[in-house]
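Per-entry structural report
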Amino acid sequence: MQSVFDFIIKPKSNRYDNTKQIGDSELLLNTEISDHRYVSRVGVVLATPKYEETEIQTGDEVIVHHNVFRRWYDVYGVHQAANMNLLLMVKDYIEY
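Structure report, in brief. Just so it is clear, the structure is predicted and the values come from calculations on it, not from any experiment. Here, residues in each chain are numbered from 1, in the same order as that chain's written sequence. Only residues with pLDDT of at least 70 are given local features in this predicted model, and only at 80 or more are side-chain atom pairs given and counted; all residues enter the totals for whole chains, interfaces and linings. Hydrogen atoms and water are omitted, and side-chain values are computed over all heavy atoms in the structure.

The helix count covers DSSP runs of H or I at least four residues long, the strand count covers runs of E at least two residues long, and both are numbered beginning at the N terminus. Looking only at helices and strands, the chain has zero helices and nine strands in total. Exposed residues in this analysis have more than 50% of their type's maximum accessible area, buried residues have under 20%, and partly exposed residues fall in between, with area computed by a 1.4 Å probe over protein chains only. Across the 96 residues of the chain, 33% fall into the buried class. Taking the contacts inside the chain whose residues are at least 6 apart along the sequence as the reference set, 64% of them involve residues at least 24 apart. Within the structure as shown, the chain displays about 6,800 Å² of accessible surface, and the carbon and sulfur contribution to it stands at 47%. Note on contacts: a residue pair qualifies if any of its non-hydrogen atoms lie within 4.5 Å across the two residues. Accessible surface area values rest on a Shrake-Rupley calculation with a 1.4 Å probe, where residue burial reflects the displayed protein chains alone.

Take a look at the structure:
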């Protein structure tokens, strides 16, 4: 599978990085979905675009914009979430 213009990316681990291991216990640092500081930003490239040559290769870990993997509430108050299996991502939102 390969997109014409976009990268196909999946998250490296979880959607949020909001836990910390302290001894045998796991501490939950944040429970709000609106706080961008705890959103995971590391993704793994599954496919590169056909249209453009790039230094980024399949399997590379990349840093993406903090809104890519997060959940949110729309203007009607309905909970929304991105598909966490595959995300199409333009080059502008990727740091490598």
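Further notes follow.
Another aspect to go through is the nonpolar core. In these notes, a set of buried Ala, Val, Leu, Ile, Met, Phe, Trp, Tyr and Cys residues joined through side-chain atoms within 4.5 Å is what counts as a nonpolar core. By size, the foremost hydrophobic cluster in this structure holds 12 residues: Phe7, Ile9, Tyr16, Ile33, Val39, Val45, Ile56, Val62, Val64, Val68, Phe69 and Ile94. Of all elements in the fold, only β1 (7-11) and β5 (61-64) reach the threshold of two or more residues within this core.

Whenever Lys or Arg places a side-chain nitrogen within 4 Å of a carboxyl oxygen from Asp or Glu, that contact is recorded as a salt bridge. Enumeration according to the criterion identifies one salt bridge in this entry. In this structure, Lys12 engages Glu61 in a salt bridge whose closest nitrogen and oxygen atoms are separated by 3.2 Å. Pair noted here: Lys12 is in the loop between β1 and β2 (19-22) and Glu61 is in strand β5, with a separation of 49 residues, a long-range link. Taking the relative accessible area as the measure of exposure, Glu61 reaches 49% and is therefore partly exposed.

Turning to the side chain of Thr54, a few remarks are in order. Secondary-structure assignment places Thr54 in the loop between β4 (42-47) and β5. Whenever two N or O atoms come within 3.5 Å, that pair is a polar contact, provided that in protein one can donate a hydrogen and the other can accept it, and provided that, for residues adjacent in sequence, both atoms are side-chain atoms. Within the structure, the side chain of Thr54 is placed 3.3 Å from the backbone nitrogen of Ile56, a separation counted as a polar contact.

Taken across its five residues, β1 has four buried, putting it largely inside the fold. Examined bridge by bridge, β1 and β4 share four bridges and lie antiparallel to one another. Bridge pairing links Ile9 to Val45 in β4. Note: two strands are recorded as paired if DSSP finds a minimum of 2 bridges between them.

Turning our eyes to something else, we now look at the pairing of β5. Of the two faces of β5, only one is covered, namely that formed by Val62 and Val64; the face formed by Glu61 and Ile63 stays uncovered. Alignment of β4 against β5, held across three bridges, turns out to be antiparallel. Bridge pairing in β5 places Val42 opposite Ile63.

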